[in-house]
Amino acid sequence: MAEEIIRRIDSIDDYNRLMGFETKHPLITVFNMEDADLAMACQEATFEYGVYSIWLKQAICGDITYGRQPYDYQEGTVTSFAPGQVVHFKPHADYKPQALGLMFHPDLIRGTSLGHDIKQYDFFSYSSREALHLSEDEKTIFKDCLNKISMELDHPIDNHSKKLICRNIELLLDYCMRFYERQFVTRKTANLDVLDKFERLLDEYFVGDRPKQEGLPSVKYFASECFLSPNYFGDLVKKETGRTPQEYIQNKIIDLAKEELASSQKTVNEISYELGFEYSQHFNRYFKRNTGMTPNQYRKAL
């Protein structure tokens, strides 16, 4: 059995050296995988990213796995990774590299508006079944943004370079946000299936003793059960319903608590324990934050 190859990409030069690209700027690179060292580009490997990267795959070339889940991957797919992510790539037997890519180090955007807002681009944390599929017009826009960045890298560095490079990265990411929102709409049927499953799982969680044993349910739990990353799952639910998954969970807990307070003789301690709260004080604060009353005040007001 062949030993697994692990490639750690901590700098732009790490990747450029590996793939045979020229390093024009120490903190950012734009590249075409058709120009890569074929032996390296065709090698099965696990990549540990210390940089941001975003790719436009122009042909089906192999299997990309993030965590345990495969990417929903086809021609014209955008994939993106953030520092700290681990990605496994297994090329097909007849693989020929056909992808455009942008890679930038976190240091490039420190102190900029992009650095301040980078976490709003949730798609860097999307994983299985969550890749972005572009139309022909969207591919043109994506490539145009990369071309503008590439032109800046070919221009002698001056006082405007960093600002223009970061603004063009931000423009590309903003377009990707728009494209993802379009994809949420075009995948509406699949999204509603996820929403139905979430609601069913939420109902099922509070049947029996599971809350006593495992505590309050998390968004991460439901996302995992739907084979989605928490960020993508959260964006999908918010897009379809106007509410976050956490708000769904909170509403369910409050509804169940109100029902028990109204229809049973159980103490507040008993109700809080059955709902998954470790301490009744936490339940009291939770209930008051969501209703404006303590559980006892609510019960007396009935």
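Structural data are supplied above this passage.
Since we're looking at a predicted model, the values are computed, not measured.

A. A look at the overall build of the chain. If you tally the helices and strands in the chain, you get 14 helices and ten strands. Along the three orthogonal principal directions, the C-alpha set of the chain runs to about 75 × 50 × 35 Å. Residue burial in the chain is summarised as follows: out of 302 residues, 45% are buried. Excluding contacts between residues fewer than 6 apart, the proportion of contacts in the chain whose partners are at least 24 apart in sequence is 74%. Total accessible area computed for the chain in this model is approximately 16000 Å², and 48% of it derives from carbon and sulfur atoms. In the chain, which carries 37 positive and 46 negative side-chain charges, the distance between the mean positions of the two groups comes to 6 Å.

B. Representation of the nonpolar core in the model. Within the largest apolar cluster, 64 residues are counted, with the highest numbers of intra-cluster contacts made by Ile-169 and Phe-233. Once residues lying within four places of it in the same chain are set aside, the contact partners of Phe-233 are Val-194, Phe-198, Val-219, Phe-222, Ala-223, Cys-226, Leu-228 and Pro-245.

C. Expanded view of the packing of helix H12 (residues 268-275) against helix H13 (residues 280-291). The interhelical angle for the contact between H12 and H13, taken along N-to-C directions, is 85°, at an axis separation of 9 Å. One way to sum up the angle between H12 and H13 is to call them roughly perpendicular. Here H12 contributes Val-268, Asn-269, Ile-271, Ser-272 and Leu-275 to the contact with H13, which in turn contributes Ser-280, Phe-283 and Asn-284. Across the contact of H12 with H13, the residue classes tally to four nonpolar, four polar and no charged.

D. Structural view of the layout of surface pockets. Within this model, the second largest pocket holds a volume of roughly 280 Å³. Of all elements in the fold, only strand S2 (28-32) and helix H5 (136-154) reach the threshold of two or more residues within the lining of the second largest pocket. Residues belonging to the lining of the second largest pocket are distributed by class as follows: seven nonpolar, five polar and four charged.

E. Geometry of the environment of Arg-299. With respect to the helices, strands and loops of the structure, Arg-299 is situated in helix H14 (residues 295-301). With 37 residues separating them along the chain, Arg-299 and Ala-262 place their C-alpha atoms 6.3 Å apart. For Arg-299, the residues in contact, after removing those within four places along its chain, are Glu-260, Leu-261, Ser-264, Gln-265, Lys-266, Thr-267 and Ile-271. Of note is the side chain of Arg-299, whose polar atom sits 3.1 Å from the backbone oxygen of Ser-264. For Arg-299, the side chain forms a polar contact with the main-chain oxygen of Lys-266, separated by 2.9 Å.

F. Region of the structure containing the sheet that holds strand S9 (residues 99-104). The sheet built from five strands is open, its strands ordered S2-S9-S4-S7-S10 with antiparallel pairing. The open sheet has two edge strands with one neighbour each: S2 and strand S10 (132-133). One ladder, built from five bridges, connects S2 with S9; its direction is antiparallel. Each residue of the ladder has a partner; that of Phe-31, found in S9, is Gly-101. Strands S2, strand S4 (52-57), strand S7 (77-81), S9 and S10 of the sheet are contacted by H5, whose axis makes an angle of about 125° with S2.

Criteria and cut-off values
Residues numbered from 1 in each chain as written. Predicted model: local features only at pLDDT ≥ 70, side-chain atom pairs only at ≥ 80, totals over all residues. Heavy atoms only, no water. Helix = DSSP H or I, 4+ residues; strand = E, 2+ residues; numbered from the N terminus. Buried < 20%, exposed > 50% of the residue type's maximum accessible area, 1.4 Å probe, protein only. Contact = heavy atoms within 4.5 Å. Areas by Shrake-Rupley, 256 points an atom, 1.4 Å probe, with all protein chains shown as cover. Lys, Arg positive; Asp, Glu negative; His and termini not counted. Charge placed at Lys NZ, Arg CZ, Asp CG, Glu CD. Core = buried A, V, L, I, M, F, W, Y, C linked by side-chain atoms within 4.5 Å. Axes fitted to C-alpha atoms, helices over the stretch in contact; angles between N-to-C directions. Parallel < 35°, antiparallel > 145°, perpendicular 65-115°, else oblique. Nonpolar A, V, L, I, M, F, W, Y, C, P; charged D, E, K, R; others polar. 1 Å grid on protein atoms, 1.4 Å probe; cavity = no way out; pocket = protein on both sides within 12 Å on 5 of 7 lines; lining within 4 Å. Points joined across faces, edges and corners; volume = space filled by probe spheres on them. Polar contact = N/O pair within 3.5 Å; in protein donor to acceptor, adjacent residues only side chain to side chain. Pairing = 2+ DSSP bridges.

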